[in-house]
Amino acid sequence: MENKEGFSFTYSAEQQKEIEAIRNKYLPKEADKMEHLRKLHAVPTQKAQSWAIAVGVIGALIMGTGMSLAMTEIGAVLGSLAMVLGIVVGIVGMVLVALAYPIYNRVLKRERQKIAPEILRLSDELLK
């Protein structure tokens, strides 16, 4: 391209692409509806997984405490009371571990119901 002073400059296609890539990094991000829909869809699963993992880990730790009471020297020092207490604590831990999956399903269902109107509205916009 030439201007009136006689200076000329040209850009190759490769340079144009690089310039556009750099320029796009500094432009404000536009709201991408599809990306927003994907993020909304992932939220209920992430919350449900977090709850299920937390309950499962806590249950496993409690179950381990019960096993420790029933089967180690701590139990031997405390006598037969430790064995009974260890079994009870272990069973409580097992119940919590067993509840992890139903808690996952319940939280997932509740969170999907909360977010359903927004997902449906956004998906209707994208389908048009």
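Before going into details, it helps to say that this report is about the structure given with it. The structure displayed is predicted, hence computed values, not measured ones.

Definitions and limits used
Residues numbered from 1 in each chain as written. Predicted model: local features only at pLDDT ≥ 70, side-chain atom pairs only at ≥ 80, totals over all residues. Heavy atoms only, no water. Helix = DSSP H or I, 4+ residues; strand = E, 2+ residues; numbered from the N terminus. Buried < 20%, exposed > 50% of the residue type's maximum accessible area, 1.4 Å probe, protein only. Areas by Shrake-Rupley, 256 points an atom, 1.4 Å probe, with all protein chains shown as cover. Expected span 1.5 Å × (residues − 1). Phe/Tyr/Trp six-rings, centres within 6.5 Å; stacked < 30°, edge-to-face > 60°. Axes fitted to C-alpha atoms, helices over the stretch in contact; angles between N-to-C directions. Parallel < 35°, antiparallel > 145°, perpendicular 65-115°, else oblique. Nonpolar A, V, L, I, M, F, W, Y, C, P; charged D, E, K, R; others polar. Salt bridge = Lys/Arg side-chain N within 4 Å of Asp/Glu carboxyl O. Patch = residues over 30% accessible without salt bridge, like charges linked within 9 Å, V, L, I, M, F, W, Y side chains within 5 Å. Contact = heavy atoms within 4.5 Å.

### Comments concerning the overall build of the protein chain
Each helix and strand in the protein chain was counted, giving 4 helices and 0 strands. Taken across its 128 residues, the protein chain has 20% of its residues classed as buried. By element, 65% of the accessible surface of the protein chain is carried by carbon and sulfur atoms, the whole surface being about 10400 Å².

### Section: helix H2 (residues 33–71)
If you check H2, its first and last C-alpha atoms are 57 Å apart, about what 39 residues at 1.5 Å a residue would give, namely 57 Å. Buried within H2 we find Leu37, Leu40, Pro44, Ala48, Ala52, Val55, Gly56, Gly59, Gly66, Leu69 and Ala70.

### Some details on the packing of aromatic side chains
Enumeration according to the criterion identifies 1 aromatic pair in this entry. With 6.2 Å between their ring centres and 15° between their planes, Tyr101 and Tyr104 make a pair best called stacked. Of the two residues, Tyr101 and Tyr104 are both situated in helix H4 (residues 80–127); the distance of 3 residues between them amounts to about one turn of the helix. Here Tyr104 falls in the buried class, since its relative accessible area comes to 18%.

### A word on the packing of H2 against H4
Between H2 and H4, the least distance of the axes is 6 Å, while the angle of their chain directions is 175°. The pairing of H2 with H4 is recorded here as roughly antiparallel in orientation. Partitioning the contact of H2 with H4 into residue classes produces 32 nonpolar, 12 polar and 6 charged.

### Brief notes about the pattern of salt bridges
Applying the stated criterion across every chain, the model contains 7 salt bridges. In this structure, Lys114 and Glu111 form a salt bridge, with 3.3 Å as the shortest nitrogen-oxygen distance. One end of the pair is Lys114 and the other is Glu111, both in helix H4 and 3 residues apart, which spans about a single turn. One connected set of salt bridges, linked through shared partners, spans Lys33, Glu118, Arg121 and Glu125.

### As for a nonpolar patch on the surface
A grouping of Met83, Ile87, Ile91, Val95 and Leu99 is seen on the molecular surface, where their side chains present a nonpolar patch of about 420 Å² in accessible area. With respect to the helices, strands and loops of the structure, Leu99 is situated in helix H4. In this structure Leu99 comes out as partly exposed when scored by relative accessible area, which is 38%.

### Examining the side chain of Glu111
On the basis of relative accessible area, Glu111 is assigned to the buried category, the value being 7%. Ignoring anything within four residues of it in the chain, the contact list for Glu111 reads Pro44 and Lys47.

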